[in-house]
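One-letter residues, chain by chain:
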Amino acid sequence: MMGKTQSARVNCGHSRAWRGFWVNIYIQVLSQVQTVEVARLLLLPAALHSAQSGCRIKISGGGRVRTRSFETVDKAVANIQSAKFNELEVAYSIAGDGGFRMTGNPVSAVGLLTISPTCDLWFRSEDWPVGGERAMRSRRLNAKAKETGLDYYKVSRAPSILEFVLEKETTEPQSRVLDSCAEWLAAFVPKCLGSLGIFGCVDVGGCDFFVKLESNVLMTEHIRIMARLWPSAYPELGRRFDGLHPVMFGSKKLCQGIGSALDKDARVLVSDAMSDFAVVRLTVGCESEAARRRASPWLLLRAGEV
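As the structure is a prediction and not an experimental result, all values here were calculated from the model. (Residues numbered from 1 in each chain as written. Predicted model: local features only at pLDDT ≥ 70, side-chain atom pairs only at ≥ 80, totals over all residues. Heavy atoms only, no water.)

### A word on the overall build of the protein chain
For step 1, the next point in the chain: The secondary structure content of the protein chain amounts to seven helices and ten strands.
For step 2, the next point in the chain: Here the C-alpha atoms of the protein chain give a radius of gyration of 19 Å, agreeing with the 19 Å that 2.2 N^0.38 yields for 306 residues.
For step 3, the next point in the chain: Counting across all 306 residues of the protein chain, residues that qualify as buried make up 52%.
For step 4, the next point in the chain: Expressed as a percentage of contacts within the protein chain between residues at least 6 apart in sequence, the contacts between residues at least 24 apart total 75%.
For step 5, the next point in the chain: Of the charged side chains in the protein chain, 39 are positive and 31 negative, and the gap between their average positions amounts to 3 Å. (Helix = DSSP H or I, 4+ residues; strand = E, 2+ residues; numbered from the N terminus. Rg over C-alpha atoms; globule rule 2.2 N^0.38 Å. Buried < 20%, exposed > 50% of the residue type's maximum accessible area, 1.4 Å probe, protein only. Contact = heavy atoms within 4.5 Å. Lys, Arg positive; Asp, Glu negative; His and termini not counted. Charge placed at Lys NZ, Arg CZ, Asp CG, Glu CD.)

### Re the packing of aromatic side chains
For step 1, the next point in the chain: Applying the stated criterion to the full structure yields four aromatic pairs.
For step 2, the next point in the chain: Ring plane angle 85° and centroid distance 5.1 Å describe the contact between Tyr-152 and Tyr-153, whose orientation is recorded as edge-to-face.
For step 3, the next point in the chain: Judged by relative accessible area, which is 64%, Tyr-152 ranks as exposed. (Phe/Tyr/Trp six-rings, centres within 6.5 Å; stacked < 30°, edge-to-face > 60°.)

### Re the pairing of strand β2 (residues 55-61)
Where a strand is regular, its side chains alternate between the two sheet faces.
For step 1, the next point in the chain: Of all seven residues that make up β2, five are buried, and the element is covered over most of its length.
For step 2, the next point in the chain: In this antiparallel pair of consecutive strands, β2 and strand β3 (residues 64-70), the connection spans two residues, and Gly-62 shows a positive phi of 65°.
For step 3, the next point in the chain: In this sheet, strand β4 (residues 87-92) lies alongside β2 in antiparallel orientation, the contact comprising six bridges. When the bridges of β4 are listed, Ile-57 appears paired with Val-90. (Pairing = 2+ DSSP bridges.)

### Brief notes about unusual backbone geometry
For step 1, the next point in the chain: The phi dihedral of Lys-154 is positive, around 55°, even though this residue is not glycine.
For step 2, the next point in the chain: In this structure, Lys-154 sits in the loop between α4 (134-152) and β6 (160-170).
For step 3, the next point in the chain: Positive phi, normally seen in glycine, also occurs at Asp-263, with a value near 55°.
For step 4, the next point in the chain: Looking at Asp-263, the relative accessible area reads 51%, which means it is exposed.

### So, the pairing of strand β1 (residues 21-31)
For step 1, the next point in the chain: β1 sits mainly inside the fold: ten of its eleven residues count as buried.
For step 2, the next point in the chain: Pairing of β1 with β6, which is carried by eleven bridges, proceeds in the antiparallel orientation. Across the sheet, Ile-25 pairs through a bridge with Leu-166, a residue of β6.
For step 3, the next point in the chain: Judged from the seven bridges that link them, β1 and strand β7 (residues 199-205) form a sheet pairing that is antiparallel. Its bridge partner being in β7, Leu-30 is matched across the sheet by Phe-199.

### Considering the nonpolar core
For step 1, the next point in the chain: Counting residues in hydrophobic clusters, the biggest one holds 59 residues, and the most contacted among them are Ile-25, Leu-42 and Ile-57.
For step 2, the next point in the chain: Per element, the largest residue contribution to this core is seven residues, and it comes from helix α5 (residues 174-188).
For step 3, the next point in the chain: In this structure Ile-57 touches Leu-42, Arg-66, Thr-67, Arg-68, Phe-70, Ala-76, Ile-80, Leu-88, Glu-89 and Val-90, once residues within four positions along its chain are discounted.
For step 4, the next point in the chain: Ranked by size, the runner-up nonpolar core spans 27 residues in total, among them Leu-30, Cys-255, Cys-286 and Leu-299. (Core = buried A, V, L, I, M, F, W, Y, C linked by side-chain atoms within 4.5 Å.)

### Here's the deal with the sheet that holds strand β10 (residues 278-282)
For step 1, the next point in the chain: Spatially, the ten strands line up as an open sheet ordered β3-β2-β4-β5-β6-β1-β7-β8-β10-β9, and their pairing is antiparallel. Where the open sheet ends on each side, the last strands, each with one partner, are β3 and β9 (266-270). Going from strand to strand, the sheet's axes swing by 15° on average, the running direction of each strand aside. (Axes fitted to C-alpha atoms, helices over the stretch in contact; angles between N-to-C directions.)

### Let's talk about the pattern of salt bridges
For step 1, the next point in the chain: Throughout the structure, instances matching the rule amount to 13 salt bridges.
For step 2, the next point in the chain: Between Glu-214 and Arg-139 there is a salt bridge; the shortest N-O distance is 2.5 Å. Of this pair, Glu-214 sits in the loop between β7 and β8 (247-250) while Arg-139 is found in helix α4, placing the two residues 75 residues apart along the sequence.
For step 3, the next point in the chain: Assessed through its relative accessible area of 17%, Arg-139 is described here as buried.
For step 4, the next point in the chain: Across the pair Glu-172 and Arg-176 runs a salt bridge, and its minimum N-O distance is 3.9 Å.
For step 5, the next point in the chain: A relative accessible area of 19% places Glu-172 in the buried class.
For step 6, the next point in the chain: Of the residues examined, Arg-176 reaches a relative accessible area of 25% and is grouped as partly exposed. (Salt bridge = Lys/Arg side-chain N within 4 Å of Asp/Glu carboxyl O.)

### Regarding the environment of Arg-293
For step 1, the next point in the chain: Among the secondary structure elements, Arg-293 is positioned in helix α7 (residues 288-294).
For step 2, the next point in the chain: Looking at Arg-293, the relative accessible area reads 55%, which means it is exposed.
For step 3, the next point in the chain: Sequence separation between Arg-293 and Ala-261 is 32 residues; the distance between their C-alpha atoms is 9.5 Å.

Structure follows, in structure tokens:
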């Protein structure tokens, strides 16, 4: 699998080897489940491929970062369910052969799973080793800040989030790339994720869309679900969205509510595998501000909005 640095350089450098062009698909998947089962979020990107795929995980917990490879994503999930951590980066082995369930050719798929401080998997700052090198102390301060922020706003439930970027080669326009994402989600979300009540969204961009352990990508701040919401709104996520995205997915009631509000400006795809899961695809050319007003009962107020 091509590494992120190399693939981004090819994307931005207009390689002579191109058969099409590279796009980065940024997918956010969230769950309000607070048990170790939330680790199963890692299974969704693996469903991009019809065969089992392995992965490499870099996990940060208690101030230390460890790396390990797994033959299958199932084995990785079972391993981290017995761990305590704050964040992990996962690189999936899906590129290079047949079985890809979208149009185009996969180049890389990298995810970043950020655990909620309200989740059983969270490594609490008070349990970290005392002292340590500067990087460890900095990680502890970051973890403590997240815990303190939720305590301040009296938030007892906040979602964990998997952000992953699929980089693929395609000859299709971005509108068709998003159509393909919506169709894949409706057809191939694993049934075992049904109990997680997953929800989220899809956006498409260039090589500025990426995820990496302990990074903050400013270019994606305006589309990241958790970036600009008041913490007091976190428990409402899943019943409402942070805003409108080209592709959104979640409970059937939520998606059909948005579809009904937007009428011809959206279409709703009902899941083939799960009874309470659907996908909303905004129509190309949908006027965003007017659509946002019409869908407002299903959306949350972002920080700074009135």
